[in-house]
Amino acid sequence: MSTRTEGRPEEDTPGTARRVCLAAVTAALSLGLMGACGGGERSDAKEAGNEAPATPRASSSGASSSGASSTGSSSSAPSSSAPSSAAPGLAATPRPDLTGIGASGGKALTQGELDRAILADGDVPGFRSGPMDAPPPRGENADRSECLPLTAVLNGKPEPLGKAVAYRQLVGPDNDRPAVSEFLTTHGVQDASTLLNRLRAAVTACADGFTASGGDGPSTYTGVKRLSTVKAGDDALAYQLTGDFEGDPVPLVFHLVRVGGTVATFYTANFENGATPLMPPALLAAQATKLT
């Protein structure tokens, strides 16, 4: 997330908003998850729950209150409640006939199995799935060692590194909103559990924020906080990482679900008004079902 730059315009115009948004998109994640913001213009509409999030474009090749894991964590908190149907895509439900691939027993999935298990068109009615490029080799690194797990996720390479990985972009029913990106990684049960536990520790240790270097330049993250989890899989974690873009807060929301030794990481962001974007629970539930 790029820091403040000089010469910030006094008044936003559609063209300026587009340039600001695209710059934020480029700097926020090494994955390059977002390709545009509302078709290139800043939207003044404030949608319930997920307010004017940036919209991803599928590539041509093929992140409120304190929360905790659903199981397997040393702390506990209530899972998130059903969202309002007024929020686009948040009231969706998974297709009822989804079947699992057998990861819940600790099976280390192959690349082919990951590709079959990751969310596809029709798994959650109203959501479309598209390919996403793998991240570039070089990403951001936190300047504090305890925050490195957070930048590893930002780079699309949660640590310990997965033995196989699949990437997807998901867009919802309301003018391609909400916009969500996913990466699915297989680790083995021990490494997958370690991944979530390291992130929990990093969220606590880095609550007051941190800086990072690499990628497109120095970045500032002003805070990290736990969010309520969706009850899915063997373990779950949700948190918000707030970036600073030209003095404006940009909330990046991450939800992780572990099934056996496989971890599904979902990401969404709000580049427009600083409100915490909500993650559609049906996406997490559907992915956990396909992995079980």
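Everything below is about the structure printed above this text.
Analysis parameters
Residues numbered from 1 in each chain as written. Predicted model: local features only at pLDDT ≥ 70, side-chain atom pairs only at ≥ 80, totals over all residues. Heavy atoms only, no water. Helix = DSSP H or I, 4+ residues; strand = E, 2+ residues; numbered from the N terminus. Core = buried A, V, L, I, M, F, W, Y, C linked by side-chain atoms within 4.5 Å. Buried < 20%, exposed > 50% of the residue type's maximum accessible area, 1.4 Å probe, protein only. Polar contact = N/O pair within 3.5 Å; in protein donor to acceptor, adjacent residues only side chain to side chain. Contact = heavy atoms within 4.5 Å. Disulfide = S-S within 2.5 Å. Pairing = 2+ DSSP bridges. Axes fitted to C-alpha atoms, helices over the stretch in contact; angles between N-to-C directions. 1 Å grid on protein atoms, 1.4 Å probe; cavity = no way out; pocket = protein on both sides within 12 Å on 5 of 7 lines; lining within 4 Å. Points joined across faces, edges and corners; volume = space filled by probe spheres on them. Nonpolar A, V, L, I, M, F, W, Y, C, P; charged D, E, K, R; others polar.

Draft legend 1. Highlighting the environment of Pro 251. Structurally, the position occupied by Pro 251 is in strand β8 (residues 248-259). The sequence separation of Pro 251 and Thr 276 amounts to 25 residues, and the corresponding C-alpha distance is 5.9 Å.

Draft legend 2. Quick look at the nonpolar core. Grouped together as the largest cluster of nonpolar side chains are 31 residues, with contacts concentrated most on Leu 150, Phe 210, Tyr 239 and Leu 252. Broken down by secondary-structure element, the contributors of at least two residues to this core are α3 (148-154), α4 (189-205), β5 (210-214), β6 (219-226), β7 (235-245), β8 and β9 (262-269). The element best represented in this core is α4, accounting for six residues. If you look at the next biggest cluster of nonpolar residues, it comprises 28 residues, including Leu 119, Val 124, Ala 164 and Leu 284.

Draft legend 3. Structural view of the side chain of Thr 151. Positionally, Thr 151 belongs in helix α3. A polar atom in the side chain of Thr 151 sits 3.3 Å from the backbone nitrogen of Ala 142. With residues near it in sequence (within four places) discarded, Thr 151 still touches Glu 140, Asn 141, Ala 142, Phe 210 and Ala 212.

Draft legend 4. Up close: the state of the cysteines. With the rule as written, the count across this model stands at one disulfide. With its sulfur 2.0 Å from that of its partner, Cys 147 forms a disulfide with Cys 206. In this structure, the disulfide formed by Cys 147 and Cys 206 twists by about -110° around the S-S bond and is classed as left-handed. Taken together, the residues span a long stretch of sequence, with Cys 147 in the loop between β2 (140-142) and α3 and Cys 206 in the loop between α4 and β5 at a distance of 59 residues. Per residue, the accessibility class of Cys 147 equals that of Cys 206, and both read buried.

Draft legend 5. Broad picture of the sheet that holds β2. Pairing within the open sheet is antiparallel, and its nine strands lie in the order β1-β3-β4-β9-β8-β7-β6-β5-β2. Of all the strands in the sheet, the pair left with one neighbour each is β1 (128-131) and β2. Taken over all neighbouring pairs, the strand axes of this sheet differ in orientation by 30° on average, direction set aside. Pairing of β6 with β7, which is carried by five bridges, proceeds in the antiparallel orientation. Within the sheet, the bridge partner assigned to Tyr 221 lies in β7 and is Gly 243. Contacting β6, β7, β8 and β9, α4 crosses the sheet at an angle of about 45° to β7.

Draft legend 6. A look at the environment of Thr 222. Structurally, the position occupied by Thr 222 is in strand β6. Residues Thr 222 and Gly 243, spaced 21 residues apart in sequence, show a C-alpha to C-alpha distance of 5.9 Å. Residues contacting Thr 222, with those up to four places away along its chain left out, are Ala 207, Asp 208, Gly 209, Thr 242 and Asp 244.

Draft legend 7. Up close: empty space enclosed by the protein. For the largest cavity, the calculated volume is near 40 Å³. If you go around the largest cavity, the residues you meet are Leu 119, Ala 120, Asp 123, Val 124, Phe 127, Arg 128, Ser 129, Leu 170 and Leu 283. Partitioning the lining of the largest cavity into residue classes produces six nonpolar, one polar and two charged.

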